[in-house]
There are 2 protein chains.
Amino acid sequence: MATIYEVAARAGVSPATVSRLFNGSFVSADKADSIRRAAAELNFTPNRTARRLRKQSSELIALLIPDVENPFFTALARGVEDRAQQAGFSLVLCNTDDDPGKEEHYLDIAASEQMAGVILTPTAGEVDLGAIAALGRPVVAVDRTTPYPVDAVKIDNRAVGIAATGALFDAGFRRVACIAGPAGIEATEERYLGWREVATARGGGDLDGFLQHANYRVDGGRSAMQRLLELPVPPDAVVTTNNLMAVGALQVLAEAGISPRELGVAVVGDLPFTTLTPDAVAQVHLPARHLGTTAAAMLLDRIGGDSQPPRTVVLRGELRAG
Amino acid sequence: MATIYEVAARAGVSPATVSRLFNGSFVSADKADSIRRAAAELNFTPNRTARRLRKQSSELIALLIPDVENPFFTALARGVEDRAQQAGFSLVLCNTDDDPGKEEHYLDIAASEQMAGVILTPTAGEVDLGAIAALGRPVVAVDRTTPYPVDAVKIDNRAVGIAATGALFDAGFRRVACIAGPAGIEATEERYLGWREVATARGGGDLDGFLQHANYRVDGGRSAMQRLLELPVPPDAVVTTNNLMAVGALQVLAEAGISPRELGVAVVGDLPFTTLTPDAVAQVHLPARHLGTTAAAMLLDRIGGDSQPPRTVVLRGELRAG
DNA sequence: GTGAAAGCGCTAACAC
DNA sequence: GTGTTAGCGCTTTCAC
């Protein structure tokens with residue numbers, strides 16, 4: 001790896017001039033030429049580590065998500081990446097597994113790597129975002145909010161819970177259960193509150209056993225659906241508060257030979273890679289990618305020096321079918 | 001962000017001693033104590049950028065994949081991450097979109113960031129892996145091989161193509177078409193060669209129009225399936241050479257009211273998040289995660305100094321149902 | 001076992 | 001415009 005000194009020597013200029021050329025300052029045309037030639041001959045690429053040490057910052061953004069294998073979060077990541085790339089920033093994707101320890105670990109890394117900023121879906125744990133914020137590194141929370149005064153982009157979770165549940169009642173179902181994520185995660189709480197509101201108002205009867213907490217993955221949805229089917233008086237429809245749990249629920253139904261038209265299903269989120277026809281299941285589309293681009297835009301603003309008080313942007317879901 | 005000098009001053013030792021403590025050299029117990037206390041009080045985290053500049057290497061591995069939104073690659077990434085984490089390495093995930101330009105860009109970044117090594121699914125373009133290899137950074141190709149002499153982990157693609165096609169003939173289908181990925185991508189070529197071999201031997205008739213190239217995504221599978229259905233004499237079954245194209249094909253069939261039992265479907269790969277019962281579609285399971293752990297293990301060996309000639313590990317798929 | 005000091009490659013004052 | 005130089009925070013000889 002050639003250095004700026006070797007390029008300078010070969011081009012007959014000082015290292016500073018080489019640096020200037022690569023950083024946009026004006027350099028006389030003839031010197032610029034010979035520097036470019038020398039750089040090409042030596043296959044020179046500026047050493048980003050040295051630059052970062054000197055500048056105390058980099059063009060790297062960290063994105064911390066709970067699960068890279070969940071299409072909701074990869075779509076979100078895609079959005080962040082698109083926006084970041086436009087601005088010349090690269091993305092470092094980190095998987096927290098919803099483990100506060102891992103979240104903290106990656107936050108430390110982001111700080112000690114002089115990354116320009118962090119976008120994260122905070123875990124339920126009480127991780128100190130103050131530390132990194134105090135370093136002057138902007139932080140944006142996405143999909144979930146935090147007690148810390150940082151920017152946030154989220155979904156109107158109560159509304160999507162209401163929309164999904166409402167779609168089921170509109171279709172004629174009356175005993176609507178809910179498969180919710182782990183207790184303690186904000187997005188889930190708000191979504192099932194939406195369900196409870198509608199289910200209580202329109203369902204009439206009591207909701208005993210109709211709320212099932214589960215982990216946010218396919219297997220969580222499976223076991224919750226199984227428990228619902230074993231109820232003395234099972235529901236005639238079910239709402240899930242995320243995409244993957246719906247997959248699990250639908251798998252259990254398919255294996256039991258029950259079609260989603262017999263036992264209604266509505267999802268908060270999008271059924272990933274579904275091969276069902278669009279009208280089989282009510283889906284409340286969540287703008288995952290847009291969540292990402294919005295968060296990235298906010299972060300880039302902050303990196304650019306924007307210092308207004310923390311904002312929270314709320315995005316809306318959209319009922320798609322059913 | 002506190003520095004090693006501040007910690008040293010507070011603990012009444014030299015910076016070198018602080019460094020030694022954090023790097024495993026022996027330091028007398030009393031000094032170690034006061035250093036630890038000082039570090040804790042100052043909330044000290046070693047600056048990784050400075051360390052890297054000095055050491056000319058880092059505990060970072062780059063993983064370049066074509067599509068973060070494809071569950072095959074996220075599973076692979078998960079495997080790499082698991083193995084890397086065990087060894088104290090962190091992962092930087094980069095999306096190439098199968099664009100040689102982006103691949104090259106990220107390779108440059110990996111080099112100029114002093115990353116410890118690179119694992120990549122090479123694009124079809126002729127990107128120079130020699131440059132980074134010459135820098136002494138190990139490179140492992142995964143899922144696809146390259147003309148460069150680097151380690152590789154791949155699938156026995158011909159065998160999985162044969163297995164998927166064979167399953168369809170075993171189930172009684174006779175006019176078996178193939179939806180293959182873009183021409184020029186090795187994995188696809190080999191898989192469809194497997195299909196052709198079996199289809200020719202067991203299908204008898206000619207294969208005119210039965211080979212459809214498409215992009216590797218859901219929409220590619222959709223349009224290819226549509227073309228197949230419009231054939232004067234359509235196939236009675238279809239093999240797809242990756243997971244996402246199968247989703248597209250199944251969507252088109254579902255919309256046309258054709259069940260996968262009428263028109264047989266076999267997939268090379270795993271149907272992601274499927275809600276179909278396991279017997280509906282023949283799937284040749286691809287050990288994506290294992291591909292990742294294997295590649296990571298090889299890379300870590302190389303980082304550790306292993307210098308045997310490049311190896312290629314071939315993993316096998318496994319017929320799962322149908 | 002510990003300290004002093006050089007240097008990794010770059011950028012940004014500061015002179016000219 | 002361009003060169004000289006200091007220094008970002010760390011690790012690592014080299015003495016002691």
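Everything quoted here is computed from the prediction, not taken from an experiment. (Residues numbered from 1 in each chain as written. Chains lettered and ligands numbered in written order. Predicted model: local features only at pLDDT ≥ 70, side-chain atom pairs only at ≥ 80, totals over all residues. Heavy atoms only, no water.)

1. Remarks on the sheet that holds strand S4 (residues 139-142) of chain A
All names here are of chain A. Taken in spatial order, the 6 strands line up as S2-S1-S3-S4-S5-S11 in an open sheet, and their pairing is parallel. What marks the edges here is a single partner per strand, and that holds for strand S2 (90-95) and strand S11 (312-315). Pairs of neighbouring strands in the sheet enclose a mean axial angle of 15 degrees, with direction left out of account. Running over the sheet, helix H6 (residues 100-112) touches strand S1 (60-65), S2 and strand S3 (117-120) and is turned about 180 degrees from S1. (Pairing = 2+ DSSP bridges. Helix = DSSP H or I, 4+ residues; strand = E, 2+ residues; numbered from the N terminus. Axes fitted to C-alpha atoms, helices over the stretch in contact; angles between N-to-C directions. Contact = heavy atoms within 4.5 Å.)

2. A look at the relation of the copies chain B and chain A
Both copies of the chain are placed relative to one another by a rotation about an axis and a shift along it. The two copies are related by a screw operation: chain B maps onto chain A through 180 degrees of rotation and 0.0 Å of translation along the axis, at an RMSD of 0.1 Å. Expressed as a symmetry operation, the mapping of one chain copy onto the other fits a two-fold axis. (Least-squares fit on C-alpha atoms with pLDDT ≥ 70 in both.)

3. A closer look at the protein's contact with DNA strand D
Near DNA strand D there are 25 residues, and of these Thr17, Arg20 and Ser28 of chain A together with Ile4 and Arg54 of chain B occur at the shortest range. Each atom of DNA strand D within 4 Å of the protein was classed as base or backbone; sugar and phosphate made up 59%. Arginine 54 of chain A has a polar side-chain atom sitting 3.3 Å from a base nitrogen of DNA strand D. At a separation of 3.0 Å, a phosphate oxygen of DNA strand D approaches a polar backbone atom of asparagine 47 of chain B. Of all the secondary structure elements, the ones that give two or more residues to the surface near DNA strand D are helix H2 (15-22) and helix H4 (48-55) of chain A together with helix H1 (4-11), helix H2 (15-22) and helix H4 (48-55) of chain B. The leading source of residues in the surface near DNA strand D is H4 of chain B, at 4 residues. Tallied by class, the residues present in the surface near DNA strand D amount to 10 nonpolar, 8 polar and 7 charged. (Near = heavy atom within 4 Å. Polar contact = N/O pair within 3.5 Å; in protein donor to acceptor, adjacent residues only side chain to side chain. Nonpolar A, V, L, I, M, F, W, Y, C, P; charged D, E, K, R; others polar.)

4. Observations regarding the pattern of salt bridges
What the rule picks out here adds up to 44 salt bridges over all chains. Where arginine 289 of chain A meets glutamate 69 of chain B, a salt bridge forms, and the shortest distance between an N and an O atom there is 3.7 Å. Placement of arginine 289 of chain A in helix H12 (residues 288-303) and of glutamate 69 of chain B in the loop between strand S1 (60-65) and helix H5 (71-86) is noted, with the two residues assigned to different chains. For aspartate 151 of chain B, the salt bridge is made with arginine 311 of chain B, and the minimal N-O distance between the two is 3.7 Å. (Salt bridge = Lys/Arg side-chain N within 4 Å of Asp/Glu carboxyl O.)

5. A short note on the environment of leucine 21 of chain A
Residue and element names in this part refer to chain A. Mapped onto the fold, leucine 21 is located in helix H2. Look at leucine 21 and you get buried, because its relative accessible area is 17%. Between the C-alpha atom of leucine 21 and that of leucine 211, which follows or precedes it by 190 residues, the distance is 63 Å. In this structure, leucine 21 is in contact with Val27, Ala32, Ile35 and Arg36, ignoring residues within four places of it in sequence. (Buried < 20%, exposed > 50% of the residue type's maximum accessible area, 1.4 Å probe, protein only.)

6. Focus on the domain arrangement of chain A
All names here are of chain A. Partitioning chain A into structural domains gives domain 1 (4-46), domain 2 (57-155 + 288-315) and domain 3 (157-285). Computed over C-alpha atoms, the centres of domain 2 and domain 3 are 29 Å apart. If you look at the interface, domain 2 gives 11 residues, while domain 3 gives 14 residues. Overall, the association of domain 2 and domain 3 removes approximately 900 Å² of surface from exposure, summing both partners, and the carbon and sulfur fraction of that is 48%. By the criterion of area lost to domain 3, the three top residues of domain 2 are Pro71, Arg144 and Ile155, representing 44% of everything that side buries. For the interface between domain 2 and domain 3, the tally reads 2 salt bridges. (Domains from an automatic or database assignment. Buried area = accessible area lost by both parts, 1.4 Å probe.)

7. What to know about helix H10 (residues 218-229) of chain B
Helical geometry note: an α-helix holds 3.6 residues per turn, so side chains three or four residues apart project in the same direction. End to end, H10 of chain B covers 17 Å across 12 residues, agreeing with the expected 16 Å (1.5 Å per residue, within 8%). Buried residues in H10 of chain B make contact with strand S6 (176-180), strand S7 (211-213), strand S8 (237-240) and helix H11 (243-255) of chain B. (Expected span 1.5 Å × (residues − 1).)

8. Overview of the interface of chain B and chain A
Contacts between the two partners involve 46 residues from chain B, matched on the other side by 46 residues from chain A. A combined buried area of about 4400 Å² lies between chain B and chain A, and 54% of that area is made up of carbon and sulfur atoms. The interface formed by chain B and chain A contains 17 residue pairs in polar contact (both at pLDDT 80 or more). Split by residue class, the side of chain B that touches chain A holds 23 nonpolar, 13 polar and 10 charged.

9. Looking at the protein's contact with DNA strand C
Around DNA strand C, the surrounding shell holds 25 residues, and the nearest of these are Ile4 and Arg54 of chain A together with Thr17, Arg20 and Ser28 of chain B. The sugar and phosphate moieties of DNA strand C supply 63% of its atoms located within 4 Å of the protein. For DNA strand C, a base nitrogen lies 3.3 Å from a polar atom in the side chain of arginine 54 of chain B. Of all the secondary structure elements, the ones that give two or more residues to the surface near DNA strand C are helix H1 (4-11), H2 and H4 of chain A together with H2 and H4 of chain B.

10. Here's the deal with the sheet that holds strand S2 (residues 90-95) of chain B
All names here are of chain B. Here 6 strands make up an open sheet; going across it, the order is S2-S1-S3-S4-S5-S11 and the pairing parallel. Looking at the sheet topology across the chains shown, the edges are occupied by S2 and strand S11 (312-315). Here the strands of the sheet are splayed against their neighbours by 15 degrees on average, with no regard to which way each runs. Where strand S3 (residues 117-120) meets strand S4 (residues 139-142), 3 bridges bridge the pair, whose relative direction is parallel. Looking across to S4, one finds that valine 118 is bridged to valine 139.

11. Comments concerning the packing of aromatic side chains
Aromatic ring pairs are described here by two measures, namely the spacing of the ring centres and the angle between the planes. Residues and elements named next belong to chain A. One pass over the structure, following the stated rule, counts 4 aromatic pairs over all chains. A centroid spacing of 5.0 Å and a plane angle of 80 degrees characterise the contact between phenylalanine 72 and phenylalanine 73, whose relative ring orientation is edge-to-face. Like phenylalanine 73, phenylalanine 72 is buried. (Phe/Tyr/Trp six-rings, centres within 6.5 Å; stacked < 30°, edge-to-face > 60°.)

12. Focus: the nonpolar core
Most often, soluble globular proteins keep nonpolar side chains buried together rather than apart. Ranked by internal contacts, the top residues of the largest apolar core, which has 152 residues, are Ile119 of chain A together with Ile119 of chain B. Once residues within four sequence positions are removed from consideration, isoleucine 119 of chain B is found in contact with Ile61, Ala62, Leu63, Leu64, Val80, Val140, Val142, Ala295, Ala296 and Leu299 of chain B. Leu107, Met115, Val118 and Val150 of chain B belong to the second largest nonpolar core, which has 40 residues in total. (Core = buried A, V, L, I, M, F, W, Y, C linked by side-chain atoms within 4.5 Å.)

13. Some remarks on H4 of chain B
Residue asparagine 47 of chain B occupies the N-cap position of H4 of chain B, its side-chain oxygen lying 2.8 Å from the main-chain nitrogen of threonine 49 of chain B. Phi turns positive one or two residues past the end of H4 of chain B, at glutamine 56 of chain B, with a value near 60 degrees.

14. Notes on the pairing of strand S8 (residues 237-240) of chain A
All names here are of chain A. Neither face of S8 is open: one carries Ala237 and Val239, the other Val238 and Thr240, and all of them are buried. Here 4 bridges tie strand S6 (residues 176-180) to S8, and the two strands are oriented parallel to one another. Within S8, the position partnered with isoleucine 179 by the bridge is threonine 240. On the question of chirality, the crossover connecting S8 to the parallel strand S9 (residues 264-268) by way of helix H11 (residues 243-255) is right-handed. (Right-handed = clockwise from strand over helix to strand, strands pointing away.)

15. Structural notes on the packing of helix H8 (residues 157-170) of chain B against helix H9 (residues 186-203) of chain B
Residue and element names in this part refer to chain B. Contact geometry for H8 and H9: axes closest at 7 Å, N-to-C directions at 35 degrees. You can see that H8 and H9 cross each other, and the crossing is right-handed. Residues Asn157, Arg158, Val160, Gly161, Ile162, Thr165, Gly166, Phe169 and Asp170 of H8 pack against Ala187, Glu190, Arg191, Gly194, Trp195, Glu197, Val198, Ala199, Arg202 and Gly203 of H9. The residue inventory of the contact of H8 with H9, partitioned by class, reads 7 nonpolar, 6 polar and 6 charged. (Left-handed = near helix turned anticlockwise from the far one by under 90°.)

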